[in-house]
Amino acid sequence: MVMSIRMTPPLPLIFLLIVHGGSSTEWNVKYSPSHICALKNSSVTMSCTYTYPAGHQIKNVFWTKTTDKRDDEEFPDLSVDPEYSQRLQYLGDNQQNCTVRLSHVTKEDERMYYFRFITDKNGKWIGKIGVRLSVTDLQLESPERVTEGDSVRLTCRSSCKLTDTPTFIWYRNSQRLTEKTIEKLILDPVRREDAGRYRCAVHGHTLTSPDINLNVTYPPRNVSVSINGSAEIVSGDSVGLMCISDSNPPALNFSWFEENQSSAVGSGQSFSAVQSGRFYCEAHNPHGAQRSDAVTVTVKGPPVLFYISIGVVCGAAVFITKGIIWGIRRMKERKAKQQNPSRHQDDKRKACDVDLNQPVYENATAFQINKCEPELDSSVYENLPKNKRKP
């Protein structure tokens, strides 16, 4: 049987080791973390701790942005730098904590930062490892072409990995999408209703990404025929039909068909129907096509009342024209009589001096013969006795 014997050091040696370990404090500065990625216009906290040998008292502490200097100079203190003095806040103390906060960071603030402390015994130390600060904005990445039914991924990207685990906020058309809180927004499948302006942000920060427009293309949908006026027309007229569709990009090619016919009867977004039938259209874009329901066009002959109206109008026009001509003729005759009454009497006597017993006048009517009798009411016969006048 083999026995193992472990020697225990004497107690005075243990005591010496403990005392020695407790007094081994060194000049040192530790940064946690050593690299910070922050959003533009946000506030950054650079945490650190520092140690120094016992017996020293801290006289001065500050942060600087360089480790290079001449021997007879001191490192520049950021708290008196005009670019930092209003934005820098020291959160540490004069013992071990050297944390500092820098607000409203910009791209110009990207650099290394270092902590410097000085003791009462002229002990000086700078933590040369430093903290690297990176400042980023947000950019939204999306595919250039999206078709309805595809799987689409939008990514809220920064130029560096944000130090704090961020909670992302997504917006579509300025409305918050509360169910999306990670840096990737997946639309699977994407729908036409998903089209719009998107942007992203990080919870607790005012910075947002620039808007991008998600354009979702899709084939024609909801194709219909619009009728301009009435679908019932008379022979010789036409009715205008318009093909309406919802598509992206808009449909540019349209075809018109009559039911039960295989070949198209027209093209273009509008069509004029001149005969009875059931007509429908097809709308086309690069992603597909769709046809509409058919509409009925009825062509009727002109009504009887139409012809009667035309006859009445034409008859009235003829009657009025004849009346005007007759009136003009009568006015001319009266005017001629007034201007030359003796000539009128001479012409009448010549006409009555003929022998009415001749055979050529046997067809003359009594009315025409009576016209040759003297007009006893004329002023020529006014002195004759009344009994000599013809009754």
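Residues numbered from 1 in each chain as written. Predicted model: local features only at pLDDT ≥ 70, side-chain atom pairs only at ≥ 80, totals over all residues. Heavy atoms only, no water.

In the annotation of an unreviewed UniProt entry, the entry for the chain reads B-cell receptor CD22, and the organism field reads Danio rerio. The annotation that UniProt attaches to the chain under Subunit (unreviewed entry) is "Predominantly monomer of isoform CD22-beta. Also found as heterodimer of isoform CD22-beta and a shorter isoform. Interacts with PTPN6/SHP-1, LYN, SYK, PIK3R1/PIK3R2 and PLCG1 upon phosphorylation. Interacts with GRB2, INPP5D and SHC1 upon phosphorylation. May form a complex with INPP5D/SHIP, GRB2 and SHC1." (UniProt positions renumbered as here; feature names shortened; annotations may be inferred.)

Visitor: Explain a nonpolar patch on the surface here, please?
Guide: A cluster of nonpolar side chains, Phe 319, Ile 320, Ile 324 and Ile 328, forms an exposed patch at the surface whose accessible area comes to about 440 Å². Within the secondary structure, Ile 328 sits in helix α2 (residues 304–339). (Patch = residues over 30% accessible without salt bridge, like charges linked within 9 Å, V, L, I, M, F, W, Y side chains within 5 Å. Areas by Shrake-Rupley, 256 points an atom, 1.4 Å probe, with all protein chains shown as cover. Salt bridge = Lys/Arg side-chain N within 4 Å of Asp/Glu carboxyl O. Helix = DSSP H or I, 4+ residues; strand = E, 2+ residues; numbered from the N terminus.)

Visitor: Help me understand the environment of Glu 183, please; the structure alone is not making it clear to me.
Guide: Within the fold, Glu 183 resides in the loop between β15 (175–177) and β16 (184–187). Residues Glu 183 and Ala 201, spaced 18 residues apart in sequence, show a C-alpha to C-alpha distance of 9.3 Å. Among residues more than four places away in sequence, those in contact with Glu 183 are Leu 154, Thr 155, Cys 156, Phe 168 and Trp 170. (Contact = heavy atoms within 4.5 Å.)

Visitor: What exactly am I supposed to notice about the state of the cysteines here?
Guide: Here a disulfide denotes a covalent bond joining the sulfur atom of one cysteine to the sulfur atom of another. Considering all chains together, one arrives at four disulfides under this definition. Across the disulfide, Cys 37 is cross-linked to Cys 160 (sulfur-sulfur distance 1.8 Å). With the S-S dihedral at roughly 75°, the linkage between Cys 37 and Cys 160 falls on the right-handed side. In this pair, Cys 37 sits in strand β2 (residues 35–39) while Cys 160 sits in the loop between β13 (152–158) and β14 (168–172), placing the two residues 123 residues apart along the sequence. Both residues of the pair, Cys 37 and Cys 160, count as buried. A sulfur-sulfur separation of 1.6 Å characterises the disulfide bridge that pairs Cys 48 with Cys 98. Remark: Cys 98 occurs in the loop between β6 (88–90) and β7 (100–102) and Cys 48 occurs in strand β4 (residues 48–51); sequence separation between them is 50 residues. (Disulfide = S-S within 2.5 Å. Buried < 20%, exposed > 50% of the residue type's maximum accessible area, 1.4 Å probe, protein only.)

Visitor: I tried to follow the nonpolar core on my own but got confused; where do I start?
Guide: What tends to happen in soluble globular proteins is that the nonpolar side chains get buried as a cluster. Ranked by size, the top nonpolar core spans 30 residues in total, and within it Met 46, Tyr 50, Trp 63, Phe 115 and Leu 133 carry the most contacts. If you tally residues by element for this core, the top one is strand β8 (residues 111–119), at five residues. By size, the runner-up hydrophobic cluster in this structure holds 23 residues, among which are Val 152, Leu 154, Leu 162 and Leu 214. (Core = buried A, V, L, I, M, F, W, Y, C linked by side-chain atoms within 4.5 Å.)

Visitor: What exactly am I supposed to notice about the pattern of salt bridges here?
Guide: Pairing between side chains of opposite charge can happen when the charged atoms of each approach one another. All told, the structure shown has 14 salt bridges when counted by the stated rule. Here Lys 107 and Glu 110 are joined by a salt bridge, their closest N and O atoms 3.6 Å apart. For Lys 107, a relative accessible area of 37% corresponds to the partly exposed category. For Asp 194, the salt bridge goes to Arg 172, with nearest N and O atoms at 3.8 Å. Residue Asp 194 is found in the loop between β16 and β17 (196–202), and its partner Arg 172 is found in strand β14; the two are separated by 22 residues along the sequence.

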